[in-house]
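# Notes for the structure review
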Amino acid sequence: MACLAYQLPNEELKIYKGIWVESDLERLPEHCFFITDFTKKKVFYFEENETTDSFSNADLVFNKEDSVFVANEKAYLNGLQYFIDGFEMFGIQKAIFSRIKLVDREQIIEMETVFHRLAKTYKNQALVYLVSDEKFGTWMGATPETLLSGTENAMNSMALAGTKRSEKTAWTKKEIDEQQYVVDFVKDKINEQSPENLVISEARTVKKGAVYHLQTDYQFKLERQKWNTLIQSLHPTPAVCGTPSDLAKDYILSNEPHDRDFYTGLIGLKSQKELAVYVNLRCMQVLEEHFALYVGGGITLSSDIAKELQETEDKSETLLSVIFS
Ligand SMILES: C=C(O[C@H]1C=CC=C(C(=O)O)[C@@H]1O)C(=O)O
């Protein structure tokens, strides 16, 4: 049985049973909830059969542990050093390097309970979701990153990057630079569509789950005929890919040891009048006996590999602190 449960920020929680249909971004129905992988080659939308108010583990499909490749910390650190060492040769200024962190799921945990806990904790700051199907297993997350949302007269986007664990720590040049790459990229892509009344905020510090980020907001007007083109060109932003964008994407695909799958892909709702499209961060795949958490960080030549490892640990707390609370 395929399942979809989600809660948009400050909206009601919804649970459906139905089917996940494989598609592509150009052929999605006018109104649907959809999910893609990082490359946007794997795209599914949901066709609902019934609205329900609950689900159980028996309704979900859990992939086996051997379906994901998990590098241990030492291999992650070696891989990250190698990743940074190639930046100059490949002309890369920033690229995101990610890892999969495996955590014992203690069989007793009902995913419905975990989902409700996440939905309650992140009610006003994330798209909280659970998707399940035999075609891709079960994924769950609480992502704070909006790619594009709103209506023709009030569209929103954001540049979210730079991470710290404590509010008191000052932002360093590394984080300011890494967010600025995202700010410039998002601004350019929006401007290419000739929007009206584009307003770009100053960068501010925001708390998202267990960590703090720098966030810049974009507000503008844009005819819906241009929404698809903008989604396609905005994603992947340098918050999940890098700079220069195409080089960073190839570099990530050939250097990360695992498949990112739905992590850093698109997820959300589209309809004729409204969009709520997010970038799938702070997410995990629920395996038979483990949670496989997907976490990454923006790498530049100034990155310190031990700090980057710690940053992925901190980000994983966004889900773990709620799951095991
Ligand atoms: C790639 C992730 O976060 C992105 C979003 C905010 C801050 C980030 C950073 O500081 O590296 C990342 O760009 C992730 O959570 O796995």
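Look a little higher up for the structure.
Here is what the cut-offs are and how they apply
- Residues numbered from 1 in each chain as written.
- Predicted model: local features only at pLDDT ≥ 70, side-chain atom pairs only at ≥ 80, totals over all residues.
- Heavy atoms only, no water.
- Helix = DSSP H or I, 4+ residues; strand = E, 2+ residues; numbered from the N terminus.
- Rg over C-alpha atoms; globule rule 2.2 N^0.38 Å.
- Buried < 20%, exposed > 50% of the residue type's maximum accessible area, 1.4 Å probe, protein only.
- Contact = heavy atoms within 4.5 Å.
- Areas by Shrake-Rupley, 256 points an atom, 1.4 Å probe, with all protein chains shown as cover.
- Lys, Arg positive; Asp, Glu negative; His and termini not counted.
- Charge placed at Lys NZ, Arg CZ, Asp CG, Glu CD.
- Arc of directions from axis to C-beta.
- Near = heavy atom within 4 Å.
- Polar contact = N/O pair within 3.5 Å; in protein donor to acceptor, adjacent residues only side chain to side chain.
- Nonpolar A, V, L, I, M, F, W, Y, C, P; charged D, E, K, R; others polar.
- Phe/Tyr/Trp six-rings, centres within 6.5 Å; stacked < 30°, edge-to-face > 60°.
- Pairing = 2+ DSSP bridges.

## Some points on the overall build of the protein
Helix and strand counts for the protein come out as 7 helices and 17 strands. Taking 2.2 N^0.38 as the reference for a compact globule, 325 residues should give roughly 20 Å; the C-alpha atoms of the protein span a radius of gyration of 19 Å, in line with that estimate. Projecting the C-alpha coordinates of the protein onto the three principal axes gives extents of approximately 50 × 50 × 35 Å. Relative to its 325 residues, the protein shows a buried fraction of 58%. If you take every contact in the protein between residues at least 6 apart in sequence, the share linking residues at least 24 apart comes to 74%. As presented, the protein carries roughly 14200 Å² of accessible surface, and 47% of it is formed by carbon and sulfur atoms. Charged side chains of the protein number 36 positive and 50 negative; the gap between the two group centres comes to 4 Å.

## Comments concerning helix α6 (residues 245–255)
Where α6 is concerned, the buried positions are Ser245, Ala248, Tyr251 and Ile252. Axial view of α6: buried residues confined to an arc of 125 degrees, hence all on one face. In α6, the exposed residues that point more than 90 degrees away from the buried face are Asp246, Asp250 and Ser254.

## Digging into the site of the ligand
If you check the shell around the ligand, you find 16 residues, and the closest are Thr163, Ala239, Tyr263, Arg282 and Gly298. In this structure, Thr163 approaches the ligand through a side-chain N or O atom, which is 2.5 Å from an oxygen atom. Ala239 places a polar main-chain atom, nitrogen or oxygen, 2.6 Å from an oxygen atom of the ligand. For the shell around the ligand, the residue count by class is 6 nonpolar, 6 polar and 4 charged.

## A few points about the packing of aromatic side chains
One pass over the structure, following the stated rule, counts 19 aromatic pairs. Considering the side-chain rings of Phe83 and Tyr251, the 4.9 Å spacing of their centres and the 40 degrees angle between planes classify their relative orientation as tilted. With a gap of 168 residues between them, Phe83 in helix α1 (residues 73–85) and Tyr251 in helix α6 connect regions that are remote in the sequence. For the pair shown, Phe83 and Tyr251 are each scored as buried. Both rings, one in Phe87 and one in Tyr251, keep their centres 6.0 Å apart while their planes meet at 70 degrees; by these two values the pair is edge-to-face. On the criterion of sequence distance, the pair formed by Phe87 in helix α2 (residues 87–90) and Tyr251 in helix α6 is long-range, its members being 164 residues apart. With respect to class, Phe87 is no different from Tyr251; both count as buried.

## Focus on the pairing of strand β1 (residues 2–7)
Residues in a regular strand project their side chains so that they alternate between the two faces of the sheet. Most of β1 is tucked away, with 6 of its 6 residues classed as buried. Burial along β1 is two-sided: Ala2, Leu4 and Tyr6 and Cys3, Ala5 and Gln7, pointing in opposite directions, are all buried. In terms of strand pairing, β1 meets strand β2 (residues 13–23) through 6 bridges, oriented antiparallel. Each bridged residue has a counterpart across the sheet, and for Leu4 the counterpart in β2 is Tyr16. Here β1 hands over to β2 after 5 residues, with Asn10 in that stretch at a positive phi of 60 degrees.

## Let's talk about helix α5 (residues 227–234)
The complete set of buried residues in α5 reads Trp227, Leu230, Ile231 and Leu234. Take α5 and look down its axis: the buried residues cluster within an arc of 100 degrees, on one side only. Buried residues along α5 sit in contact with β8 (145–151), β9 (154–164), α4 (173–192), β12 (211–221), β14 (266–270) and β15 (275–279).

## A few points about unusual backbone geometry
Pro236 follows His235 through a cis peptide bond whose omega is 0 degrees. Among the secondary structure elements, Pro236 is positioned in the loop between α5 and β13 (242–243). Residues Thr243 and Pro244 are joined by a peptide bond in cis, for which omega reads -10 degrees. Counting through the fold element by element, Pro244 comes out in the loop between β13 and α6. Positioned with a positive phi, Lys40 is a non-glycine residue whose angle comes to about 65 degrees.

## Examining the side chain of Asn280
As for its position among the elements, Asn280 is in the loop between β15 and β16 (283–286). Polar contacts involving the side chain of Asn280 include one to the side chain of Tyr129, which spans 2.8 Å. Those residues in contact with Asn280 that sit more than four places away from it in its chain are Ile35, Tyr129, Thr143, Phe262, Tyr263, Thr264, Gly265 and Ile267.

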